[in-house]
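Structural features, examined
The chain contents come next:
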Amino acid sequence: MVRDPRRWWILGVLCLSVLLVSVDNTIVNVALPTMSRELSATTSQLQWVVDAYTLVFAGLLLLGGHLGDRFGRRRMLQVGIAAFAVTSLVASFASTAGELIAGRAFMGASAALIYPATLALLTSTFTDRRERAAAIGLWSGVTGLGVALGPVSGGLLLEHFAWGSVLWVNVPVALLA
């Protein structure tokens, strides 16, 4: 059995992709007070800014996995990352709470293409049991790290930039992935 010599680079791309998805679960939380002021958003609308991403992501996760199986996991990962970058950029320029909620929902749909593709590609790339276990452990750790990095990175961005920065930060990360 020949192992792909690029498998560790592939793991790096997969981890970066899953980091993108997991950071966005929590990064907007610290920007909510600023969004409330600048977009005149109600408490209910702010809740939807957070929940639109999570609900759409969770609701479309199985469909994202199916689309990856049907049309190619790598293709769905690439489509998901590109769509995530574009929708992040568009949402960062939202002028109303409704526009931001819609943008976050589209980001969730994009994340639903990315997340299942990362694990599927990981398991097909790492065929050796020990390497696969190590790769899944790293992938899982990066997912957890992303949830913790969200509020910290969001706070740092808000200290120096506008609230939209917590969304447009996804663009260079997506381009790198």
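Quantities reported herein were computed from a predicted structural model and do not represent experimental measurements.

1. Describing a nonpolar patch on the surface
A cluster of nonpolar residues, Leu 89, Phe 93, Phe 161 and Trp 168, forms a patch on the protein surface that exposes about 440 Å² of accessible area. Looking at where Trp 168 falls in the secondary structure, it is placed in helix H7 (residues 165–168). Given a relative accessible area of 34%, Trp 168 falls into the partly exposed group.

2. Observations concerning the packing of aromatic side chains
Taken as a whole and judged by the stated rule, the model has 6 aromatic pairs. Each ring, one from Phe 161 and one from Trp 168, has its centre 5.8 Å from the other, and the planes form 70°; the classification is edge-to-face. Among the aromatic side chains, those forming a connected cluster through ring pairs are Tyr 53, Phe 57, Phe 84, Tyr 115 and Trp 139.

3. Quick word on the pattern of salt bridges
Applying the stated criterion across every chain, the model contains 3 salt bridges. Between Glu 131 and Arg 7 there is a salt bridge whose closest N-O contact spans 2.8 Å. Note that Glu 131 is positioned in helix H6 (residues 129–160) and Arg 7 in helix H1 (residues 7–23), a separation of 124 residues in sequence. Owing to a relative accessible area of 14%, Glu 131 belongs among the buried residues under this scheme. On the basis of relative accessible area, Arg 7 is assigned to the buried category, the value being 13%. One salt bridge in this structure joins Asp 69 and Arg 73, with 2.9 Å as the shortest N-O distance. Asp 69 gets classed as exposed once you look at its relative accessible area, which sits at 53%.

4. Quick notes on the layout of surface pockets
The volume enclosed by the largest pocket comes to roughly 400 Å³. As for the largest pocket, its lining consists of 13 residues, and the residues nearest its centre are Ile 10, Val 13, Arg 74, Leu 77 and Gln 78. Looking at the lining of the largest pocket, the elements with two or more residues in it are H1, helix H4 (73–92) and helix H5 (97–125). In terms of residue count, the dominant contributor to the lining of the largest pocket is H1 (5 residues). Of the residues in the lining of the largest pocket, the class split is 8 nonpolar, 3 polar and 2 charged. The computed volume of the second largest pocket comes to approximately 160 Å³. Every residue along the wall of the second largest pocket is listed here: Leu 19, Leu 20, Val 23, Ile 27, Leu 149, Ser 153, Leu 157, Val 169, Asn 170 and Val 173. Taken together, the elements giving at least two residues each to the lining of the second largest pocket come down to H1, H6 and helix H8 (170–176).

The rules we used
Residues numbered from 1 in each chain as written. Predicted model: local features only at pLDDT ≥ 70, side-chain atom pairs only at ≥ 80, totals over all residues. Heavy atoms only, no water. Patch = residues over 30% accessible without salt bridge, like charges linked within 9 Å, V, L, I, M, F, W, Y side chains within 5 Å. Areas by Shrake-Rupley, 256 points an atom, 1.4 Å probe, with all protein chains shown as cover. Salt bridge = Lys/Arg side-chain N within 4 Å of Asp/Glu carboxyl O. Helix = DSSP H or I, 4+ residues; strand = E, 2+ residues; numbered from the N terminus. Buried < 20%, exposed > 50% of the residue type's maximum accessible area, 1.4 Å probe, protein only. Phe/Tyr/Trp six-rings, centres within 6.5 Å; stacked < 30°, edge-to-face > 60°. 1 Å grid on protein atoms, 1.4 Å probe; cavity = no way out; pocket = protein on both sides within 12 Å on 5 of 7 lines; lining within 4 Å. Points joined across faces, edges and corners; volume = space filled by probe spheres on them. Nonpolar A, V, L, I, M, F, W, Y, C, P; charged D, E, K, R; others polar.

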